[in-house]
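# Structural overview
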Amino acid sequence: MERFNAVVIGASYSGLGIASIGKKILLLEEGEMLGSDYHLSFRPILENAIFKNSKTKELYDFFGANGIISESGADLLTMSTAICKFAVNSGLHEKIILNARLMECLPFEDGYKVTYFTNTGIHTVFAKDVIDTSFLRNTARNLIEIKEKYLHVVCTCLTDDAVKKLKDAGLVLTKGFLPNEYFISFKFNADTSLSDARLYIENTWQNLFKNGEFSIDTIGFNFDIQGTEKDGDAPLWIAPHSFENPISAFDAGCFLAEKKGW
């Protein structure tokens, strides 16, 4: 059984930060997307990045050199592919397995036995530590209480009047990186299904813009889930909604990995 200092569940930005520092790290992502805490849900970036780690500076400088991030904001949609290029350039991709679904995470010896499934079959590894950065705390789903869900959509053609109409309807809008680009957040109860949420957004949009004068460019692949921990014995959970922007999340992962000595 292969042994790792740590196994990270979820290719969130904090998870990528951990993997960038650790020497023997395995990162398991159940989907096909890096930075899943932002690029899967289109969670808007709410403040400018703050960071201290030199590895984080490398990421920040890379985004800056490619016109993705500046003092005025960050281009979240372009960032979703740029992070893949950064991972390859830095060798980070060698620690990542995509389409890896966690099957079991159990205490074992002085760490954890982690079993996961990929298109090559079932695999089991040993980890001294496990860090869960998934939305639903996949290592212990019974130990998360979902408070609310958001589904974010992106529009790049809104006028001031359209923005006012959306705000008057009680929706939260966040200015994007491009001119007239907005991230619009729809809030749902914990038991709302993704299909029902998408239908609600469609109906709401059609009611607001009956003549089809404005269109949604794209919609989040999944919910942005806000949850709290329940008491129980489980691996450390770094909730994806703990950070206001990807750079700060990456920096927190770097800090944790250095603190733990991974």
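Fair warning: this is a prediction, and the values are worked out from it, not measured in the lab.

## Observations regarding helix H6 (residues 194-208)
In a regular helix each residue adds 1.5 Å, so 15 residues correspond to 21 Å; H6 covers 21 Å between its end C-alpha atoms and thus fits that length. For H6, the full list of buried residues reads Ala197, Ile201, Thr204, Trp205 and Leu208. Projected down its long axis, H6 carries its buried residues within an arc of 100°, all on one side. Set apart from the buried face of H6 by more than 90 degrees, the exposed residues are Ser195 and Asn207. Lining the buried residues of H6 we find strand E9 (144-155), helix H5 (160-168), strand E11 (182-188) and strand E12 (218-219).

## Things to note about the pattern of salt bridges
Per the counting criterion, the structure on display carries nine salt bridges. Between Asp224 and Arg43 there is a salt bridge whose closest N-O contact spans 2.8 Å. One end of the pair, Asp224, is in strand E13 (residues 224-229); the other, Arg43, is in the loop between helix H2 (36-39) and helix H3 (54-65), with 181 residues separating them in the sequence. Both residues of the pair, Asp224 and Arg43, belong to the buried class.

## Remarks on the pairing of strand E6 (residues 101-108)
Alignment of E6 against strand E7 (residues 111-118), held across seven bridges, turns out to be antiparallel. Bridged to Glu104 within E7 is Thr115.

## As for the packing of aromatic side chains
Enumeration over the complete set of coordinates arrives at 11 aromatic pairs. An angle of 75° between the planes, with centres 6.3 Å apart, marks the rings of Tyr13 and Tyr38 as edge-to-face. On the criterion of sequence distance, the pair formed by Tyr13 in helix H1 (residues 13-21) and Tyr38 in helix H2 is long-range, its members being 25 residues apart. Taken as a pair, Tyr13 and Tyr38 share a single burial class, namely buried. Ring centres 5.2 Å apart and planes at 70° place the aromatic pair Phe209 and Phe214 in the edge-to-face group.

What counts, and where the lines are drawn
Residues numbered from 1 in each chain as written. Predicted model: local features only at pLDDT ≥ 70, side-chain atom pairs only at ≥ 80, totals over all residues. Heavy atoms only, no water. Helix = DSSP H or I, 4+ residues; strand = E, 2+ residues; numbered from the N terminus. Expected span 1.5 Å × (residues − 1). Buried < 20%, exposed > 50% of the residue type's maximum accessible area, 1.4 Å probe, protein only. Arc of directions from axis to C-beta. Contact = heavy atoms within 4.5 Å. Salt bridge = Lys/Arg side-chain N within 4 Å of Asp/Glu carboxyl O. Pairing = 2+ DSSP bridges. Phe/Tyr/Trp six-rings, centres within 6.5 Å; stacked < 30°, edge-to-face > 60°.

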